[in-house]
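# Report on the structure
Each chain, written out:
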Amino acid sequence: MALPAFAARALGPTTLQPEQGAPARTTCPRRHSRVEAELAASRPGSLAVSVRAGPPRGVSHRFNSQQLLDKPLKAKSSSLAGAVRAPLFALLPRGRRRRMHDLRRRWDLGSLGRALLTRGLAALGHSLKHVLGAVFSKIFGPLASVGNMDEKSNKLLLALVMLFLFAVIVLQYVCPGTECQLLRLQAFSSPVPDPYRSEDESSARFVPRYNFSRGDLLRQVDFDIKGDDLIVFLHIQKTGGTTFGRHLVRNIQLEQPCECRVGQKKCTCHRPGKRETWLFSRFSTGWSCGLHADWTELTSCVPAVVDGKRDARLRPSSKDRRGSPNLNTGANSPISTKTRNPSKSGKNFHYITILRDPVSRYLSEWRHVQRGATWKASLHVCDGRPPTSEELPSCYAGDDWSGCPLKEFMDCPYNLANNRQVRMLSDLTLVGCYNLSVMPEKQRNKVLLESAKSNLKHMAFFGLTEFQRKTQYLFEKTFNMNFISPFTQYNTTRASSVEINEEIQKRIEGLNFLDMELYSFAKDLFLQRYQFMRQKEHQETRRKRQEQRKFLKGRFLQLHFQSQSQGQSQIPSQNLSQNPNPNPNQNLTQPLLQNLTQGGNPNARPKETRASEKQSPGQEQGDSHSSNGTSDYIGSVETWR
C-alpha cells in the first residue's frame, strides 16, 4: 500500500532529517529518538513500511495504523521536523499523552503556588515588621526609634520575638492545664529510673527500725541443684504464693527446666541427670504434707517424705522432737532454725515463703471464702495428731461459708484467718499446738510471735507481695538462679476493690495484731537486705573496675620499664666501669628492673616474697595475684615513687 500523494509531496525523496537550526522537540526524548531512528532506517520516503512492520518500540499494540495513514499531515512549515513531530506525538498511547498533559499543568500550578507562597511570606514579614515597629515605637519611643534601626537590629528583634513565641507554645504544650506543674520538666534531666524502686510508690529513703547483724542481712545460699539441696516453699493462703510458685516451675533459667504439661497443675522438676526433685512445692510435688501445710507440719513431714516415707501423716512424735539436739523446746525460747535443715539422708532443706500486708490478705481471704473456699482438706497436724473439734471448732454449720458478710467473718472467734501468718510460721509445739489451756493467752501470743520472727529471719529467703521486683532480685542473689522474665506488680486486686471505712480497718488490724507486728518486722528486714545486697553489688562492681585499672596500669609500666632495661643493657660496659654511680636513683631502679625482668620466673624471687604470696587453702582463686609478677612491679613502682 503506497502513501497518499500529499504525504509523498511533503516528505519528498530525501531522508527524514530535521532542518538545520531547528531542534527536534519531543515529549519523551529517549523513546522518540529511537522511533525516529527506526523511521530513518526504513526505506527513504516511505513511512508505511515501518507502520506495516508493526508499531515501533515503545508504542502500544492497540495503535491503529490505518487511521494514521488516512489522516492528513498538518505540515504548515516546510521543515521536515515540523512534518514529523505531529505523527510522532500521535504514536504515543492516549493514556500516556493524558498523563503528560497533567504533568505539565501540575508543574505550572506548583510553580505558581510557590511564587504566591514566597510573595505572601514576604508581605507577611514586612507587615509584621511594621506592626512590631509601631508597637515598640510607642513603648520605647523616648529611648529609640524602630524606624531608624538598621537591618541588623531588626533581625535581632525579630529573632527575640520568635523565640519568645516558641517558648510560649512549648510551655502550653508541656503544661496544658491552668496550673502548670513545672516539676515535670525535671524528668528530662533526671537519670534512668531504678527498676527496683519501691513499688508501693513510697519514698526511696528507708529508715530502719530494727538492728540486724551482717549475718542476718547477708543471704547467699550455695544451692547445689545437682546435689542434695532442696527448696521447700511454705505457701500461706492469699499472699500471692500461687503466682510465685508458678515462677519457680516455669520462669527460672535452668540446665534442665521443669516439664510442665498442658492441663496439669504439677510439673516435673528433676535434677540434671537424676530422677529426684529439687523443689518441694504445690506445683512440683503437690500437697504431699497436706493442704497449705504450715511450718510445724513441713519441718516434720518433708524429711519423712524425702527419705522415702510417702505417708505424710507419719510424723515424728513429740519425744523424738524434744530429743533432737538442734531443737529448743522451752516455752519462752522459740526454735532458732538454721538456714540449712539437714535430714537423716544428708539433704539440706532451704525454706522460703511469701508474706503480705495483713489487712489486704484478710480481705482477700474473706472474698475467697465468700466464693465457697473452705480448705477443709488441711490437716493441721501438730505433735503427731490433728486437732480435735473442741480445740478447733468450725465457724459455719453447712458445707461451706459462701456468701458470708464481712461482719460475720470477723465475729467468729475460731476463724483461722486471724493472725494466720504468725500461726503458720511459728512452731506450734511450743504452745501446746491448738490447746489454748496450756498457757495464758498473752504468753501464748508472745511465744508465737517470737517463734515466727525467729523462723522467718533464719529462712533462706522470704519475699513480700507488695515488692515483686525486689522479691525477684533477692531470690536471684540468694540462690544464684535467674528468672527468665521479670515479675509484675499488680496494684489492683480483689482486696483493693473492697471499700471499708476506718472503723472496720481498725478492727481488722486489731484481729490481726500479731500479723501486723510480724509484717512490720519482715518489711524492715526485707528492705534492709535489699539495700545491703545492692550496696554489696555496687562495691563488687567498683572493685572489679579498680582491679582492671590496676592491671592495665601495671601492664603499661611493665612494658615501659622493660623497654628501658633493654636500652640500658645496650650501653657498653666501659662507661659503667668509668662512672659507677652516675644517677643517685639507680639504686632504686635496679631492684625494680630486676623484679620486672624476673616477673615470669618465680624461682628468681626472694624467699620472703614467695612466702608472702602463699595463699590460705580457703582463699578464692580470683583474689590471688597473677603469676607474671604483676603485684611485684606494682608494689615496686609505688616504692620507687
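Residues numbered from 1 in each chain as written. Predicted model: local features only at pLDDT ≥ 70, side-chain atom pairs only at ≥ 80, totals over all residues. Heavy atoms only, no water.

### Re the pattern of salt bridges
On inspection of all chains with the given rule, the structure shows eleven salt bridges. Three or more residues are tied together by salt bridges with common partners; here these are Arg 361, Glu 365 and Arg 420. (Salt bridge = Lys/Arg side-chain N within 4 Å of Asp/Glu carboxyl O.)

### Notes on the confidence of the model for the protein
Residues at a pLDDT of 70 or more form 59% of the protein, whose mean pLDDT is 73. Put simply, helix α11 (residues 318–322) is where the protein has its lowest mean pLDDT, 37, and helix α14 (residues 420–425) is where it has its highest, 98. Segment residues 13–27: pLDDT under 50, and 19 contacts once partners within four positions in sequence are set aside and those in other chains are kept. Every residue in residues 43–53 scores below 50 in pLDDT, and together they form 19 contacts with partners more than four places removed in sequence or on other chains. (pLDDT = per-residue confidence, 0-100. Helix = DSSP H or I, 4+ residues; strand = E, 2+ residues; numbered from the N terminus. Contact = heavy atoms within 4.5 Å.)

### Observations concerning the side chain of Arg 444
Tracing the sequence through the fold places Arg 444 in helix α15 (residues 441–457). Nearest to the buried, unbridged Arg 444 among oppositely charged side chains is Glu 441, at 7.7 Å. (Buried < 20%, exposed > 50% of the residue type's maximum accessible area, 1.4 Å probe, protein only. Lys, Arg positive; Asp, Glu negative; His and termini not counted.)

### Quick notes on α15
Between its terminal C-alpha atoms α15 stretches 24 Å, which fits the 24 Å expected from 17 residues at 1.5 Å a residue. By the burial criterion, the buried members of α15 are Arg 444, Asn 445, Val 447, Leu 448, Leu 449, Ser 451, Ala 452, Lys 453, Ser 454, Asn 455 and Leu 456. (Expected span 1.5 Å × (residues − 1).)

### Considering the pairing of strand β5 (residues 461–464)
Of the two faces of β5, both are covered, the one formed by Phe 461 and Gly 463 as well as the one formed by Phe 462 and Leu 464. In this sheet, β5 lies alongside strand β4 (residues 348–355) in parallel orientation, the contact comprising four bridges. Residue pairing across strands places Ile 354 opposite Gly 463, the latter belonging to β5. (Pairing = 2+ DSSP bridges.)

### Focus on the state of the cysteines
Considering all chains together, one arrives at five disulfides under this definition. Put simply, Cys 258 and Cys 269 are joined by a disulfide, and their sulfur atoms are 2.1 Å apart. Since a negative S-S torsion denotes a left-handed disulfide, the Cys 258-Cys 269 link at about 115 degrees is right-handed. With Cys 258 in the loop between α9 (241–250) and β2 (279–280) and Cys 269 in the loop between α9 and β2, the pair connects residues that are eleven residues apart, well separated along the chain. By the burial criterion, Cys 258 is buried, and Cys 269 matches it. Here Cys 382 engages in a disulfide with Cys 433; their sulfurs sit 1.9 Å apart. Since a negative S-S torsion denotes a left-handed disulfide, the Cys 382-Cys 433 link at about -75 degrees is left-handed. Remark: Cys 433 occurs in the loop between α14 and α15 and Cys 382 occurs in the loop between α12 (358–370) and α13 (406–411); sequence separation between them is 51 residues. For Cys 382, a relative accessible area of 2% corresponds to the buried category. Under the relative-accessibility criterion, Cys 433 is labelled buried at 7%. Cys 404 takes part in no disulfide bond, and the closest cysteine sulfur to it belongs to Cys 395, at a distance of 9.3 Å. Looking at Cys 404, the relative accessible area reads 2%, which means it is buried. (Disulfide = S-S within 2.5 Å.)

### Overview of the packing of aromatic side chains
One pair of aromatic rings is described through two measures. These are the centre distance and the angle between the planes. A complete count under the given rule lists 20 aromatic pairs for this structure. Ring geometry for Tyr 210 and Phe 212: centres 6.1 Å apart, planes at 40 degrees, overall tilted. Their ring planes at 50 degrees and their centres at 5.1 Å tell us that Trp 295 and Tyr 351 sit as a pair that is tilted. Of this pair, Trp 295 sits in helix α10 (residues 295–306) while Tyr 351 sits in strand β4, and the two are 56 residues apart along the sequence. Per residue, the accessibility class of Trp 295 equals that of Tyr 351, and both read buried. Three or more aromatic residues joined by ring pairs form one cluster here, namely Phe 223, Phe 233, Phe 244, Trp 278, Phe 461, Phe 475, Phe 479, Phe 483 and Phe 487. Above the face of the Trp 375 ring, Arg 420 is positioned so that its terminal group lies 5.6 Å from the ring centre. (Phe/Tyr/Trp six-rings, centres within 6.5 Å; stacked < 30°, edge-to-face > 60°. Lys NZ or Arg CZ within 6 Å of the ring centre and 35° of its normal.)

### Concerning the packing of α12 against helix α17 (residues 502–511)
The contact between α12 and α17 brings their axes to 10 Å, and the two run at 95 degrees. If you check the angle between α12 and α17, you find them roughly perpendicular. Across the interface between the two elements, Val 359, Tyr 362 and Leu 363 from α12 touch Gln 505, Ile 508, Glu 509 and Leu 511 from α17. A class-by-class count of the residues in the contact of α12 with α17 yields five nonpolar, one polar and one charged. (Axes fitted to C-alpha atoms, helices over the stretch in contact; angles between N-to-C directions. Parallel < 35°, antiparallel > 145°, perpendicular 65-115°, else oblique. Nonpolar A, V, L, I, M, F, W, Y, C, P; charged D, E, K, R; others polar.)

### A closer look at the pairing of strand β1 (residues 229–234)
Walk down a regular strand and you will see the side chains alternate between the two sheet faces. Counting buried positions along β1 gives six out of six residues, so the element sits mostly inside the fold. Alternating positions in β1 separate into two faces, Asp 229, Ile 231 and Phe 233 on one and Leu 230, Val 232 and Leu 234 on the other, with burial throughout. Of the pairings in the sheet, the one linking β1 to β4 comprises six bridges and is parallel in character. Across the sheet, residue Ile 231 finds its bridge partner in β4, namely His 350. Relative to β2, β1 runs parallel, the two being bridged by two bridges. What sits directly across from Val 232, in β2, is Phe 280. Crossover handedness for the path β1 to α9 to β2: right-handed. (Right-handed = clockwise from strand over helix to strand, strands pointing away.)

### Examining the nonpolar core
Ranked by internal contacts, the top residues of the largest apolar core, which has 74 residues, are Trp 278, Phe 475 and Phe 479. Broken down by element, this core gets its largest block of residues, eleven residues, from helix α18 (residues 513–569). For Phe 475, the residues in contact, after removing those within four places along its chain, are Ile 231, Phe 244, Leu 248, Ile 252, Ile 352, Phe 461, Asn 480, Met 481 and Phe 483. With 17 residues, the next largest nonpolar core counts Val 369, Trp 375, Leu 406 and Met 410 among its residues. (Core = buried A, V, L, I, M, F, W, Y, C linked by side-chain atoms within 4.5 Å.)

### Details of unusual backbone geometry
What is expected of a backbone is that most residues other than glycine have negative phi and most peptide bonds are trans. A positive phi angle, near 55 degrees, is found at Trp 375, a position not held by glycine. Among the secondary structure elements, Trp 375 is positioned in the loop between α12 and α13. Given the relative accessible area of 17%, Trp 375 is considered buried. The backbone of His 380 sits at a positive phi, close to 55 degrees, despite the residue not being glycine.

### Focus: helix α16 (residues 468–479)
Each α-helix winds once per 3.6 residues, and so residues spaced three or four apart point in a common direction. The terminal C-alpha atoms of α16, which comprises twelve residues, lie 17 Å apart, in line with the 16 Å expected from a rise of 1.5 Å per residue. Across the twelve residues of α16, ten count as buried, placing the element largely inside the fold. The complete set of buried residues in α16 reads Gln 468, Lys 470, Thr 471, Gln 472, Tyr 473, Leu 474, Phe 475, Glu 476, Thr 478 and Phe 479. Two residues or fewer past α16, Asn 480 is found with a positive phi of approximately 55 degrees.

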